[in-house]
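Chain by chain, the residues run as shown.
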Amino acid sequence: MRILRGIPASPGTALARVHHVTRDLPVVVRAALPASDLDREVARLHAALADARAQIQALVARLSADLGPEGAAILESHLLILEDELVVDRAVAIVRAQSCNAEAAFHDAVAEVASRLLESQDDYLRERVQDLRDVEDRVLRVLMGLGVGRLVGPAAPSVVAADDLAPSDTAAIGARNVLAFALGRGSRTSHVAILARSLGIPAVAGLGAAVAELHDGELVAVDGDRGEVVLQPDSETVARYRQLSQQQLTVNAKLAHLKDEPAITPDGRRLHLLANIEMPVEVEKALASGAEGIGLLRTEYIYFQRQTIPTEAQQLEIYAGIMRGMEGRPVVFRTLDVGGDKVQRYLGARKESNPFLGWRGIRFLLANRPLLKAQLRAIYRAAAGGPARLMFPMITGVEELREAREACRECVAELAAEGLPHDPDLQVGIMIETPAAALVADLLAAECDFFSFGTNDLVQYTLAMDRLNSRVAYLYQPVHPAVLRLLRDATAAAHAAGIRVGICGEMASETRYAEILLGLGLDEVSVHAAQLPKIKQVVRWTTVAEAEGLLADLMSRRTAAEADLLLADYLAEKKRRRAAAETPEVPDGA
Amino acid sequence: MISTAATISDPVGFHLRAAGRIVKLAKTFDAEVTVRFQGRVANAKSIMGLASLAADCGSVVELEIDGPDDAAAAAALVRLIEIELAHPEVPEG
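A. How the structure looks around the overall build of chain A. Across its full length, chain A carries 23 helices and 16 strands. Here chain A, with 590 residues, has 45% of them falling under the buried criterion. Across chain A, the fraction of contacts at a sequence separation of at least 24, relative to all contacts at a separation of at least 6, is 68%.

B. The nonpolar core, seen in detail. Core analysis: the largest hydrophobic core is formed by 136 residues, its most contacted members being Val159, Ala182, Ala203 and Ile430 of chain A. Within the second largest apolar cluster, 57 residues are counted, among which are Val110 of chain A together with Ile22, Ile65 and Ala73 of chain B.

C. Inspection of the sheet that holds strand E15 (residues 500-503) of chain A at higher detail. All names here are of chain A. The strand order around the closed barrel built from eight strands is E9-E10-E11-E12-E13-E14-E15-E16, with neighbouring strands paired in parallel fashion. For this sheet, the mean angle separating the axes of adjacent strands, direction not counted, is 25 degrees. Judged from the four bridges that link them, strand E14 (residues 450-453) and E15 form a sheet pairing that is parallel. Following the sheet pairing, Phe453 is matched in E15 by Ile503.

D. Representation of the confidence of the model for chain B within the structure. Residues and elements named next belong to chain B. Overall, the prediction assigns chain B a mean pLDDT of 85, with 90% of residues at 70 or greater. For chain B, the element scoring lowest by mean pLDDT is helix H1 (residues 16-26), at 87; strand E2 (residues 32-37) scores highest, at 94. Here the predicted complex carries an ipTM of 0.76, next to a pTM of 0.60.

E. Representation of helix H23 (residues 560-580) of chain A within the structure. Residues and elements named next belong to chain A. Across its 21 residues, H23 extends 30 Å between first and last C-alpha, which sits within 8% of the 30 Å expected from 1.5 Å per residue. Listed in full, the buried residues belonging to H23 are Ala560, Ala563 and Leu567. Taken end-on, H23 shows its buried residues confined to a sector of 60 degrees, consistent with a single buried face. Every exposed residue of H23 that faces more than 90 degrees away from the buried side is listed here: Ala561, Ala568, Asp569, Ala572, Glu573, Arg576, Arg577, Ala579 and Ala580. Where H23 is buried, its residues contact helix H22 (544-555).

F. Structural context of the interface of chain B and chain A. Taken together, the contact between chain B and chain A spans 17 residues of the former and 19 residues of the latter. Elements with a contribution of two residues or more to the side of chain B that touches chain A: H1 and helix H2 (47-51) of chain B. Here the side of chain B that touches chain A is composed, by residue class, of eight nonpolar, six polar and three charged.

G. Structural context of the pairing of E15 of chain A. Across two bridges, E15 of chain A lies against strand E16 (residues 524-528) of chain A in parallel orientation. Of the residues in E16 of chain A, the one forming a bridge with Gly502 of chain A is Glu524 of chain A.

H. Broad picture of the sheet that holds strand E8 (residues 228-231) of chain A. Residue and element names in this part refer to chain A. Strands sit in the order E1-E8-E7-E3-E4-E5-E6-E2 across an open sheet of eight strands; the sheet is mixed. Whereas interior strands pair on both sides, the edge strands pair on one side only; in this sheet they are strand E1 (2-5) and strand E2 (7-10). The mean inter-strand angle of the sheet, taken between neighbouring strand axes irrespective of direction, is 30 degrees. Bridge count for strand E3 (residues 13-20) against strand E4 (residues 158-162) is four bridges, and the pairing is parallel. Within E4, the residue paired with His20 across the bridge is Ala161. Where helix H8 (residues 235-256) meets the sheet, its contacts fall on E3, strand E7 (219-223) and E8, and the angle it forms with E3 comes to roughly 110 degrees.

I. Local environment of unusual backbone geometry. Residues and elements named next belong to chain A. The phi torsion at Gln232 lies on the positive side, around 40 degrees, for a residue other than glycine. Within the secondary structure, Gln232 is located in the loop between E8 and H8. Note on Gln232: 11 C-beta atoms within 10 Å, which makes it exposed. Unusually for a residue other than glycine, Met394 sits at a positive phi of about 60 degrees. You can see Met394 is positioned in the loop between strand E12 (388-392) and helix H14 (398-418). A tally of 23 C-beta atoms within 10 Å means that Met394 is categorised as buried.

The rules behind each value
Residues numbered from 1 in each chain as written. Chains lettered and ligands numbered in written order. Predicted model: local features only at pLDDT ≥ 70, side-chain atom pairs only at ≥ 80, totals over all residues. Helix = DSSP H or I, 4+ residues; strand = E, 2+ residues; numbered from the N terminus. Buried ≥ 20, exposed ≤ 12 C-beta atoms within 10 Å, placed from the backbone. Contact = placed C-beta atoms within 7 Å. Core = buried A, V, L, I, M, F, W, Y, C linked by C-beta atoms within 7 Å. Pairing = 2+ DSSP bridges. Axes fitted to C-alpha atoms, helices over the stretch in contact; angles between N-to-C directions. pLDDT = per-residue confidence, 0-100. Expected span 1.5 Å × (residues − 1). Arc of directions from axis to C-beta. Nonpolar A, V, L, I, M, F, W, Y, C, P; charged D, E, K, R; others polar.

The following block contains the structure:
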């Protein structure tokens, strides 16, 4: 038995066999050929190389404007690999010398070059083996007449292990048969982690190179609360994890009956509970968890899933589908929020030395008017089918809001002139995720219809900490007095202006902070569907007076550590009282 | 045949991108170009060959150029390796 430690990324436990995800290389079958066939085989190899070249050139042509010079250079180096004598001449020589098929010869030639690179002391060079494999994969697929390769999900319930998963990879794998994720890279706030939490799948991230030790088919135990993966678990551990998963089922069953109950405090305050989603398929899960609407539709996936920017018509189809699925419940569309850790080369966003302070969110959108307007038009048109709302990310001041609203007005005028159905009175709100926005909340509230706190970024910008940097991760302190003051003051400013204010950040998903949200007097809370019943349970057990008292106590503390301690004591005490009252237990943590 | 040497100016050395630029230039000449570094030998028209030399920025590589246009090739390649690699490639068109 061996325990690998990583970062707890999504709660829960799982015990299952490993499904190690890598790009599935086509399996090479070696065939001996008669001497008379060798010329034809060499010609077949050259034809495949030409096809592969055409594929890459098509990719370059389609993407070069968006990939930036760095991305285009990668693809161009792949073109050169296709012409490289070490690869091509060697493969031809192998066909002739060994009388074998082109697949086997090409595979062997690539393996020879790869082994040379792997001998290097240079990390960068060793990593270039990935480029070689990428090219090999493409050529072999052409030779074998296979389609373009994609990641495949597990066929049986499994722990999906991977070094890293890009958002589109995760989408390709899906949630089917995935009992847990074990990842070499990433953290709590990386995309797989967020997705895992939204789907209620346990995940451990940041396992490092050790993730390679999770071999396909081996039984492992994953503890997403502690951030541990147990290799070769002994019988005692296996029994413990079996029991844990049984308990989890029981808790879920207990919470399931809350689905149709409203989120009302014992003293009658109603909190609207909505769900955060990223993909249309999550609508079902949101409804099943009792969501009153979608409080945050992250539209990034809809862009990242494809190789090209989706057109207005494609977006409209997806957005209208989500509106239909929500059956008249509100849906808050957040416009594309790229940049930061979500840089997509295809959108022309380049690597920046300070991406979180760079070209992201509304800045990117306002600089890409055609892209912004295509999305706005699709949202305004989808809003004809139900109560949609529109939300802009990364606002720092009134100018950005005005410019964004101007784009909205242009779209409405165009749609009216074109006679297309749309909702001209769509509510327009903003994310409060920068300290600047929180500090001028009164000015912003006068010019928009609602606020939604994005706490991941608000905490990061307020405390000047990069949440992806593990050395400063300890500074992720949602109960830091600076963060609490910003939340309190911006909420007060919204209410003074008579607009609604909610929260859709990570902080909302953690049950330990639920009472703070209630104490702040927020109108709406939007969380991952899987967390929704737990938050509802807290609301139904907590009076407003109690929550306001807790918030006041927390705000009187001078440090985040003191506030955290106070919160922990408060929650422990509350749990004890509840246990004494023999009411069902709130599951720990989030 | 011309034998000469060049100091690599690319800040990251002979990595894939720099190697790609050298290959593209070398292929415009008929001359054969051999690059030697620390006992390793590569054809300048092979991207993987050049990359696997693992030559860092500031290191000196030896060039051996043989063919009808060797003088022009030598001048162009030395210029690329010593000067132009330090600057990002200007996109064509």
